[in-house]
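Chain by chain, the residues:
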Amino acid sequence: MSALAAAAPEQDRGRVAAARAAMGLAWSDPIGRVGFLLLALSVALAVVGPVVFPFDPTAVGKTAADILRGPTAAHWLGTDELGRDVFRETLAGAQVSLLVGLLATAISMVAGTAVGLSAGYSRGWLGGLMMRVTDFFLVIPTLPLIIVLAAVVGQSLGVIILVIGLTSWASTARIVRSQVLTLRERVFVERIRALGATDWRIATVHILPNVLPLIFANTVLVIAGSILAEATLAFLGLGDPTHTSWGTMLHSAFTNGASSRGAWWYLVPPGIGIVIVVLAFTLIGYTLDRILNPRLRNR
Amino acid sequence: MSRRRVRYLGSKIAQVVITLLAVATFNFLLFHVLPGDPVRLQARAGHLQPEDIARLRELYGLDQPLYAQYFVYLRDLLTGNLGTSFSFREPVAELLAQRLLNTVQLLALATVLVILIGIVAGVIAASRRGSRLDASTVVTSLFFWSLPTFWTGLVLIFIFGVYLHWLPISGASTPGAHFKSFWDGAIDSLRHMILPTITLVLVDIGQFVLITRSSLVDVMTEDFILTAKAKGLSRRRVLWGHGVRNALLPVVTASALYVALVIGGAIQVETVFSWPGMGELIYDAVLKRDYPVIEATFLLFAVTVILANFLSDLLYLWIDPRVRNA
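Read on for an overview of the structure.

Rules used in this analysis
- Residues numbered from 1 in each chain as written.
- Chains lettered and ligands numbered in written order.
- Predicted model: local features only at pLDDT ≥ 70, side-chain atom pairs only at ≥ 80, totals over all residues.
- Heavy atoms only, no water.
- Phe/Tyr/Trp six-rings, centres within 6.5 Å; stacked < 30°, edge-to-face > 60°.
- Buried < 20%, exposed > 50% of the residue type's maximum accessible area, 1.4 Å probe, protein only.
- Helix = DSSP H or I, 4+ residues; strand = E, 2+ residues; numbered from the N terminus.
- Expected span 1.5 Å × (residues − 1).
- Polar contact = N/O pair within 3.5 Å; in protein donor to acceptor, adjacent residues only side chain to side chain.
- Contact = heavy atoms within 4.5 Å.
- Buried area = accessible area lost by both parts, 1.4 Å probe.
- Salt bridge = Lys/Arg side-chain N within 4 Å of Asp/Glu carboxyl O.
- Nonpolar A, V, L, I, M, F, W, Y, C, P; charged D, E, K, R; others polar.

**Comments concerning the packing of aromatic side chains**
- According to the stated counting rule, one finds 14 aromatic pairs over all chains in the structure shown.
- Relative to A:Trp265, the ring of A:Trp264 has its centre 5.9 Å away and its plane inclined at 80°; by these criteria the two rings are edge-to-face.
- Considering the side-chain rings of B:Phe160 and B:Trp166, the 6.0 Å spacing of their centres and the 40° angle between planes classify their relative orientation as tilted.
- A relative accessible area of 24% means that B:Phe160 is categorised as partly exposed.

Listed below in structure tokens is the structure:
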């Protein structure tokens, strides 16, 4: 619990050490450790896999027998509806999933922190308006919203990242705001203000760093959600058709009737991929939440 | 009803009205001002002369100023005029009415199961906190939470439909079948519901288990639990009568948020199992870029979630003593 004492607002310098200590605590927790190991596994597969087993999307089957064929010595996990190698395709899909998950989360964090900070810090109409907007985005069902935006705006990878990022920030904004509301009244803020610091400086230099540990766990969970969102969107036919992802693979598998044709080798690998990556972030996020969230401590 | 309860109710109703208006405005901007101009969408497909486009614009009222279009849009919404589907050539409102019942039928059963089983499993885990049973409940919940809904459905189809041939894998009933009695038909419907329901329950239950568990663990450390134990009440009375009763508040909030979640689940499950509901409708509409249907379905989903949240606010009036006795 020494990590938590170090995270107390007034001690700025202890923050890096506190983050390291939180990671250490998460590693010593069995659930957290499994999460880290799964994450290491999926990052290794995503980085090394396509180098060792490059996927060529144009390497289609030459005869009808090559299509949706079960595992063979040449194709370890069989072939898809075009006769392409499912094993190599699955390794290629890992990159898109991780990329979308991380970038969308980065957008979501920046937006959520900015809205939460201004909603919590400014006392006037701006704060109230920001909070109403946050509540609005909390209430709207996310998947239909993402579907509608992707259907109207377009299907490139950039748009998908933007859409997922801009629809998942509301919970972060709420957490940040409630923290800012209590920090704002602390004596140390009063002192800094008396020394003549501007609102902008107080908010970004003194309050923001003290909020970050609390949204850390939330960030990791948002990554899991973003990866699931990309997979779901792509599965529903709204993915980027020029990039192979686990979601687009499962979309092709579904529209070509892989499950009713018994082509388990086409169905299982991309799904396992999604589960491993999402489970990794979920386990780490859950463990960090227990360590960093003061309300959940000692559980 | 005390004055403060009336004010609580009034502010919640005002919030609902404002949110509904915001959703309608958002929808209007998205579909009528952004690339979704219906005439441009139709003109994209065919070879329309400029004068035809002008006539179509007049027909849709797109030659009117934006604020006038907005008020016409709101009036149409209030009178249930949701436009005509591009692909079905039917009024969207009628399409929705046919589909809504199927979705409600599917989701009602899944929701009841998720909440009931989730609460019971969470209570059992919390009451044996730290045990092996508790740890495995947490891990299992996190695992189910990480499953993509659509993929879980596909795997169940493969195992129980294709491999074992136990259960039907698509639709809400056997097409073209004539049943000897009402019961045969009902059993056929139920058999079609089993796999979609199991999918939804598996994927969504983890959240309820974890919320119930952590809320109850929290409550069990409170002083009044110690008092109840000191009074000599039985373990079961303390747990259910004092613990669970007070731990359910976050669960009610989670149930309202669950409506938003289960709508996402319904879209995936109905797509995978070809269940003729709202979710399959929006999937079809997206593939065919049938904008009036996408728009109306989204609106209906959003309104449902807003009303569910309002309902949970009302529930608080009855169960939360801080609001009830105010």
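**Structural notes on helix α12 (residues 264-292) of chain A**
- Taking 1.5 Å of rise per residue, the 29 residues of α12(A) would be expected to cover 42 Å, and the 41 Å separating its terminal C-alpha atoms lies within 8% of that figure.
- Counting buried positions along α12(A) gives 23 out of 29 residues, so the element sits mostly inside the fold.

**Here we look at the side chain of A:Thr134**
- Along the chain, A:Thr134 falls in helix α5 (residues 125-139).
- Among the polar contacts listed, one links the side chain of A:Thr134 to the backbone oxygen of A:Met130, at a separation of 2.7 Å.

**Digging into the environment of A:Leu45**
Residues and elements named next belong to chain A.
- For Leu45, the position within the fold is in helix α3 (residues 30-52).
- For Leu45, a relative accessible area of 41% gives the class partly exposed.
- If near-sequence neighbours (up to four positions away) are discounted, Leu45 is found in contact with Pro50 and Leu91.

**Some points on the environment of A:Thr105**
- Its place among the elements puts A:Thr105 in helix α4 (residues 86-121).
- On a C-alpha basis, the gap between A:Thr105 and A:Ser226 in space is 6.7 Å, while along the polypeptide they are 121 residues apart.

**Describing the interface of chain B and chain A**
- Taken together, the contacts link 47 residues of chain B with 44 residues of chain A.
- Interface area, chain B with chain A, both sides summed: about 4100 Å², of which 79% is carbon and sulfur.
- Run the count over chain B and chain A and you get zero salt bridges.
- Inspection of the region where chain B meets chain A yields two residue pairs in polar contact (both at pLDDT 80 or more).
- Ranked by residues supplied to the side of chain B that touches chain A, first place goes to helix α12 (residues 291-319) of chain B with eight residues.
- Residues belonging to the side of chain B that touches chain A are distributed by class as follows: 35 nonpolar, eight polar and four charged.

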